[in-house]
Amino acid sequence: MDRFINRKRKYDNDENTEISDTTLPSTSETLKQSGGKCRYYNESYMDIGFTWCGPKDEPIPECIVCGKMLTNESMVPSKLKRHFIKQHSHLKNKDVHYFRKLLSDQKKEATKFTKKVKVSERAPEASFVVSQMIANNMKGHTIGEKLIKPACKEMVRIMIGNEAALEIDKIPMSNDTVSRRICCMSTDIKELVIEKMKNSRFTLQVDDSTSSDGKCYMIGFVRFVDDNAIISQFLCLKEFKKNTRGKDIFNTIDYFFENNGISWSDCVGICTDGAPSMTGSIKGFDTLA
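Predicted model only: the values in this text are computed from it and were never measured.

A word on the overall build of the protein chain
Phase 1: Within the protein chain one finds nine helices and eight strands.
Phase 2: In the protein chain, 46% of the contacts between residues at least 6 apart in sequence involve partners at least 24 apart.
Phase 3: Total accessible area on the protein chain stands at roughly 19,700 Å², and carbon and sulfur atoms take up 53% of it.

Below you can see the structure in the form of structure tokens.
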């Protein structure tokens, strides 16, 4: 048993002898937290290529060269120097100015990367806003890429500069992209309206119309109360395959309600144009609904 103890003591003495030549101060100031010890960073650790990260009350040593993060227990000169000599011995002759410059360059790169990420996050938002404007003005989807984007780029270049104009190129504005954006917004509005209809009573306005190509469509609008305000919103547009009788109109609306979980019992009123197919006493839409 004694030889094992002696061997351990010999190892500890050798280890202390190996790192005793360092002039770095030890962070002997510790704080009892959750039954453990918390060590603090010392500016002199920059001499061996270490900075810190994490919370101030429990900092974590981070190697400036390789980015490896050690535990708070390793916040002592001996363990930090052991990592530095083992992993980065080729930098042992570098002074503190080298590590300060390396850390400064890393922070600059991180700032540039964060800025680029923020710009890329704003690009889809700008694409959605322009797509909504195109839809509201009923313009062709190609106008975004052919006119709006080039015009916007030239205005930014003239007023701000070339570097800012390059950011405009990151906004996706192709024909297919604008179409997807409009479909996505349409789906989102539809889901929002349906959710509102499920949570309140509503009135329904229905009408049928024929387009210039001879196709007949059923148009539905809904009105409901939301936050003490009366909201009128477009509900759906459905094409009639064959007839436009009251039964066909009812079946189209009923199929839409059933697929979206809307109950007829929440419908407190129906408005139509007074056509026979709508107001018929036997087979009219009002009677069937």
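Next comes the rest of the write-up.
Let's talk about the nonpolar core
Phase 1: Core analysis: the largest hydrophobic core is formed by 22 residues, its most contacted members being Met197, Leu204, Leu235 and Phe257.
Phase 2: If you list the elements that add at least two residues to this core, you get helix 6 (175–198), strand 5 (202–210), strand 6 (216–226), strand 7 (229–239) and helix 7 (246–260).
Phase 3: Of all hydrophobic cores here, the second largest spans 15 residues; its members include Leu70, Phe84, Val96 and Phe99.

Side note on the pairing of strand 7
Phase 1: Inspection of the sheet shows strand 6 paired to strand 7 by 10 bridges, in the antiparallel sense. When the bridges of strand 7 are listed, Val225 appears paired with Ile230.
Phase 2: If you look at the hairpin formed by strand 6 and strand 7, you'll find two residues sitting between the two strands, and Asp227 has a positive phi there, around 55°.

Section: the sheet that holds strand 8 (residues 267–271)
Phase 1: Across the sheet, four strands lie side by side as 7-6-5-8; this open sheet has mixed pairing. The sheet terminates laterally at strand 7 and strand 8, the two strands that pair on one side only. Each strand of the sheet is rotated relative to its neighbour by a mean of 25°, with strand direction disregarded.
Phase 2: Strands in contact with helix 6 are strand 5, strand 6 and strand 7; relative to strand 6, the strand with the most contacts, it is inclined by about 55°.

So, the layout of surface pockets
Phase 1: Taken as a whole, the largest pocket holds about 400 Å³ of empty space.
Phase 2: Met185, Ser186, Ile189, Lys190 and Phe234 are the residues nearest the centre of the largest pocket, which is lined by 16 residues in total.
Phase 3: In the lining of the largest pocket, the residues fall into 10 nonpolar, four polar and two charged.

A look at the side chain of Asn72
Phase 1: Residue placement: Asn72 occurs in the loop between strand 4 (60–63) and helix 2 (77–87).
Phase 2: Here Asn72 falls in the buried class, since its relative accessible area comes to 8%.
Phase 3: Only 2.9 Å separates the side chain of Asn72 from the backbone nitrogen of Arg39, close enough to count as a polar contact.
Phase 4: Filtering out sequence-adjacent residues up to four positions away, Asn72 remains in contact with Lys37, Cys38, Arg39, Glu58, Pro59 and Pro61.

Section: the confidence of the model for the protein chain
Phase 1: Scored by pLDDT, the protein chain comes out at a mean of 79, with 80% of its residues at no less than 70.
Phase 2: With pLDDT under 50 throughout, residues 7–22 is counted as low confidence; its partners more than four residues away or in other chains account for four contacts.
Phase 3: Counting contacts from residues 28–35, a segment whose pLDDT is below 50, to residues more than four positions away or on other chains yields 14 contacts.

Quick look at the environment of His141
Phase 1: Take His141: it is sitting in the loop between helix 3 (96–136) and helix 4 (143–159).
Phase 2: Overall, His141 belongs to the partly exposed group, its relative accessible area being 27%.
Phase 3: Taking C-alpha positions, His141 is 6.7 Å from Ser179, a pair spaced 38 residues apart along the chain.
Phase 4: With sequence-adjacent residues up to four places away left out, His141 is seen in contact with Ile134, Asn175, Val178, Ser179 and Ile182.
Phase 5: Here the side chain of His141 touches Ser179 through a polar contact of 2.7 Å, side chain to side chain.

Considering the packing of aromatic side chains
Phase 1: Counted according to the given criterion, the structure contains eight aromatic pairs.
Phase 2: With centroids separated by 6.4 Å and ring planes inclined at 50°, the aromatic side chains of Phe256 and Phe257 adopt a geometry described as tilted. Both residues of the pair, Phe256 and Phe257, belong to the buried class.
Phase 3: For Phe257, a relative accessible area of 1% puts it in the buried group.
Phase 4: Among the aromatic residues, those joined into a ring-pair cluster are Phe202, Phe250, Phe256, Phe257 and Trp264.
Phase 5: Residue placement shows Lys94 over the ring face of Tyr98; its charged tip is 5.0 Å from the ring centre.
Phase 6: One cation-aromatic arrangement involves Arg181 over Phe128; the distance from NZ or CZ to the ring centre is 4.6 Å.

Description of unusual backbone geometry
Phase 1: A positive phi is found at Met138, a non-glycine position, where the angle reads about 55°.
Phase 2: With respect to the helices and strands, the residue Met138 is situated in the loop between helix 3 and helix 4.
Phase 3: The backbone of Asn228 sits at a positive phi, close to 65°, despite the residue not being glycine.

Quick look at a nonpolar patch on the surface
Phase 1: Together, Ile158, Met159 and Ile160 make up an exposed nonpolar region whose accessible area comes to about 400 Å².
Phase 2: One can find Ile158 in helix 4.

About the criteria used
Residues numbered from 1 in each chain as written. Predicted model: local features only at pLDDT ≥ 70, side-chain atom pairs only at ≥ 80, totals over all residues. Heavy atoms only, no water. Helix = DSSP H or I, 4+ residues; strand = E, 2+ residues; numbered from the N terminus. Contact = heavy atoms within 4.5 Å. Areas by Shrake-Rupley, 256 points an atom, 1.4 Å probe, with all protein chains shown as cover. Core = buried A, V, L, I, M, F, W, Y, C linked by side-chain atoms within 4.5 Å. Buried < 20%, exposed > 50% of the residue type's maximum accessible area, 1.4 Å probe, protein only. Pairing = 2+ DSSP bridges. Axes fitted to C-alpha atoms, helices over the stretch in contact; angles between N-to-C directions. 1 Å grid on protein atoms, 1.4 Å probe; cavity = no way out; pocket = protein on both sides within 12 Å on 5 of 7 lines; lining within 4 Å. Points joined across faces, edges and corners; volume = space filled by probe spheres on them. Nonpolar A, V, L, I, M, F, W, Y, C, P; charged D, E, K, R; others polar. Polar contact = N/O pair within 3.5 Å; in protein donor to acceptor, adjacent residues only side chain to side chain. pLDDT = per-residue confidence, 0-100. Phe/Tyr/Trp six-rings, centres within 6.5 Å; stacked < 30°, edge-to-face > 60°. Lys NZ or Arg CZ within 6 Å of the ring centre and 35° of its normal. Patch = residues over 30% accessible without salt bridge, like charges linked within 9 Å, V, L, I, M, F, W, Y side chains within 5 Å. Salt bridge = Lys/Arg side-chain N within 4 Å of Asp/Glu carboxyl O.

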